[in-house]
Amino acid sequence: FTCQTHSLLRLFSYSESLLTQTLLIQTLYLLTFYTRKDSLLTRTLLTQILYSLTLFPSLYSLFTHTPTRCRMRARSLTPDDKLAPTSIIIIMHNEELSALLRTLISILNNTPMNSLKEIILVDDKSNRFELGSQLDKELRQFPFVRLIRNSKREGLIRSRIIGAKAAVGKILIFLDSHVEALEGWYQPIVSRIMEDPKTVVCPIIVSIDHTTMEVHANGGTSVWGGFDWDMKFTWEPLPPRENQRRGFDDAAPIRSPTMAGGLFGMDKDYFFELGAYDPGMKIWGGENMEMSFRIWMCGGAIEINTCSFVGHIFRKPGMKQSTPVEETALQQNVKRVVEVWLDDYKEAFYNAAPSHRNVAEGDTVSRTLLRQRLKCRSFSWFLREVYPDKPRPGRDFIAFGQVRGPGDQCMDSMGIDPGRRVGVYACHGKGYAQFWKFHLNGVLMNGDHCLDGDGTNPRNVVMFECHGLGGNQQWFLTEDGRIQHAGSGKCLTHDGRFLMLLDCDDDERFVWKFNGMSEELLEKFYVIYSKQFGYFTKKQKEENKKKAEQDRLERKKQLEERNKEKERKQIEEAAAKKAEEERIRREEERAKDEADKAKAAEKAKEEEKKKALEKELEELREWK
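In this text, all values refer to a predicted model and were calculated from it rather than measured experimentally.

On to unusual backbone geometry, then. Positive phi, close to 55 degrees, is recorded for Asn-94, a residue that is not glycine. Here Asn-94 is to be found in the loop between β1 (86-92) and α6 (97-109). When its relative accessible area of 23% is taken as the criterion, Asn-94 is described as partly exposed. Phi is positive for Phe-248, which is not a glycine, with a value near 55 degrees. Within the element layout of this structure, Phe-248 appears in the loop between α10 (240-245) and β10 (254-255). Taking the relative accessible area as the measure of exposure, Phe-248 reaches 64% and is therefore exposed.

The following block contains the structure:
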């Protein structure tokens, strides 16, 4: 096998055909599967194969790409001969030699040598055989590489500080030890930092398949870095406002609230002016959150440059678990971040990860004084100005934190694999798979996925990507802690291992309790959804009863007032009728009196006339 392999290597070295080179390297890759994966022979052969790639740039270009959107923008970058001197810092601990060499080879192949000052490789007390004298021998073939070996295990965070202090370049670029720097990765980062030294620049991270080592061009411009309230870094879809700010230009940088932390570039002077890394943090974990908050709150900015691509080998799920020492260090690191930077939002974190309340964060006085010296803004400012789209407790979440259910076990997403059944597990209080958020719109989330139930199959309670359409992802939280499925009307419980949906009753097996609860939002939720679910809280029932009584009294009062008004009108009408009759009577009497007076006057006039006639007759008789 060894003879055949070395023969193929010799053929590879003399071949000028791109197709032949490709076939040979695929053959070499397949041959390695005939040996044990952890054997020194396999690792040595893979190292030789990877190193031989440096002899043939044409073959190496099969693994690289420059997006069309970036070709025009590249013309406006600083010319290679005017780029600032840069130190690339790589930390390793028991790294695969083949992956490490691939990292170094890709950097040297795709980085302008007139700007690259050095590659600082910090070995954090590795104990693998091939990372000793064999690594020293391999590094003799690489220019610019400077190896620093820690005398004791310092961890990623402190090792990066060691590397940064040893660097001589004006710009620092931090990379992991299992990456592949793709064509054109370097210039966009350095050019942007030269334009604005207070801008920290991250590349687009593309995935390298951990099985085939193939680069997948899956890094896109539609996501940015966020975080969950248990201080876990998350990739989130770009909000419309950021796309609008970028003018809907896919080549424009993304101003990201947080960064993954493994791959980024930064001005060296600004790195130390801003406080470098927190030296009180141990091993790894939480440092990216701390630096992200510090950069934004203290006057800097984080950008993801969409024209810089670096491949990264991600761990296979479940491939390696943190040791107890690493887990303790992570909890301490995260608590340091919370205590120094989260201000009034600390309680949101402790509801998400209650076990951290009892974790000792160590002395944080120096970091608090640093924050005061840099005149950093508040965390409320960060949420308002940098990350206004961030859902938060008290505004978007009704309930949040771990969800304790029957049998004193907690709801656990079991890894958030889409379609995977959700179960229960012993409550650990660390957040992550047990950190749930009940949103005001009625969805129950873990990370960026939603709990999905199927009323026809009671055991089909799984995690799926949130679609925002309600349906199987719509839930209702009752006042006494029952989580009711909107589609089926059934309630959530578990069988000791997995969640399930059963017909609701008053049994305690349906009762769940969240760590944190917003009573104000809960009342708002009930106002929105009570009629839809036909459910009313005790308070609502009392209020409804009180309102019904008030309505009854109001109706009675209105009826009495209407009756009084009716009586008043009847009295007024009767009085008006009587007045009218009296007026008519008086009119009639007046008319009669006037008629009598006229008749009497007429009679008197006739009497006078008669008397006058009689007098005249009397006078006539006397005259005769």
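Further notes follow.
Moving on to the confidence of the model for the protein chain. Residues of the protein chain with pLDDT of at least 70 account for 83%, and the chain-wide mean is 83. Between residues 13-17, whose pLDDT stays under 50, and residues either more than four places distant or in other chains, the model counts 5 contacts. Scored below 50 in pLDDT, residues 53-64 makes 28 contacts in the model with residues more than four places away or belonging to other chains.

This part covers the state of the cysteines. Using the criterion set out here, one finds 4 disulfides in the structure. Paired by a disulfide, Cys-298 and Cys-376 hold their sulfur atoms 1.9 Å apart. Its torsion about the S-S bond being 100 degrees, the disulfide of Cys-298 and Cys-376 is classed as right-handed. One end of the pair, Cys-298, is in the loop between α12 (287-297) and β12 (301-313); the other, Cys-376, is in the loop between α15 (365-373) and α16 (379-386), and 78 residues separate them in sequence. The partner cysteine of Cys-410 in its disulfide is Cys-427, sulfur to sulfur 2.0 Å.

Residues Phe-227, Trp-229, Phe-264, Phe-271, Phe-293, Phe-379 and Phe-382 are the most contacted members of the largest nonpolar core, which totals 72 residues. If near-sequence neighbours (up to four positions away) are discounted, Phe-264 is found in contact with Arg-160, Leu-172, Ile-173, Phe-174, Val-200, Val-201, Cys-202, Pro-203, Met-259, Tyr-277 and Met-291. By size, the runner-up hydrophobic cluster in this structure holds 33 residues, among which are Leu-97, Leu-108, Phe-142 and Ile-173.

A word on the environment of Phe-144. By the secondary structure assignment, Phe-144 is in the loop between α7 (133-139) and β3 (145-149). Relative accessible area serves as the criterion here: at 33%, Phe-144 is assigned to the partly exposed category. In this structure, the C-alpha to C-alpha distance between Phe-144 and Ser-87, residues 57 residues apart in sequence, is 9.6 Å. The contact partners of Phe-144, leaving out residues within four places of it in the chain, are Leu-108, Met-113, Leu-116, Lys-117, Glu-118 and Ile-119.

For the rest of this paragraph, the subject is the layout of surface pockets. Empty space among the atoms becomes visible once a probe the size of a water molecule is rolled across them. Considering only enclosed or pocket space, the second largest pocket measures out at about 490 Å³ in volume. Considering the residues around the second largest pocket, the lining is formed by 20 residues, among which Glu-236, Pro-237, Pro-391, Met-445 and Asp-448 are closest to the centre. Residue assignment for the lining of the second largest pocket shows that the elements contributing at least two residues are β8 (223-227), β9 (233-237) and β16 (436-439). Element by element, the count of residues in the lining of the second largest pocket is highest for β9, at 4 residues. Of the residues belonging to the lining of the second largest pocket, the class tally is 11 nonpolar, 3 polar and 6 charged.

Reading guide: rules and limits
Along each chain, residues carry numbers from 1 onward, in the same order as the chain's sequence is written. In keeping with the model being predicted, local features are shown solely for residues with a pLDDT of at least 70 and side-chain atom pairs are shown and tallied solely at 80 or more, while totals for entire chains, interfaces and linings include all residues. Hydrogens and water are ignored here; the side-chain numbers use all heavy atoms of the structure. Secondary structure is summarised from DSSP: a helix means a run of H or I of at least four residues, a strand means a run of E of at least two, and numbering begins at the N terminus for each. The rule is simple: take the accessible area with a 1.4 Å probe, protein chains only, and divide by the maximum for that residue type; under 20% is buried, over 50% is exposed, in between is partly exposed. By definition, pLDDT measures how confident the predictor is in each residue, and it falls between 0 and 100. In this description, contact between two residues means that some pair of their heavy atoms is separated by no more than 4.5 Å. Put simply, a disulfide is two cysteine sulfurs that come within 2.5 Å. We call a set of buried Ala, Val, Leu, Ile, Met, Phe, Trp, Tyr and Cys residues a nonpolar core when their side-chain atoms join them within 4.5 Å. Cavity: a set of points on a 1 Å grid over the protein atoms alone where a 1.4 Å probe fits but cannot get out. Pocket: an open set with protein on both sides within 12 Å along at least five of seven lines, its lining residues, like those of a cavity, having an atom within 4 Å of a point. Grid points are joined across faces, edges and corners, and a volume is the space filled by probe spheres set on the points. Under the convention adopted here, Pro, Cys and the residues Ala, Val, Leu, Ile, Met, Phe, Trp and Tyr are nonpolar, Asp, Glu, Lys and Arg are charged, and Gly plus all remaining residues are polar.

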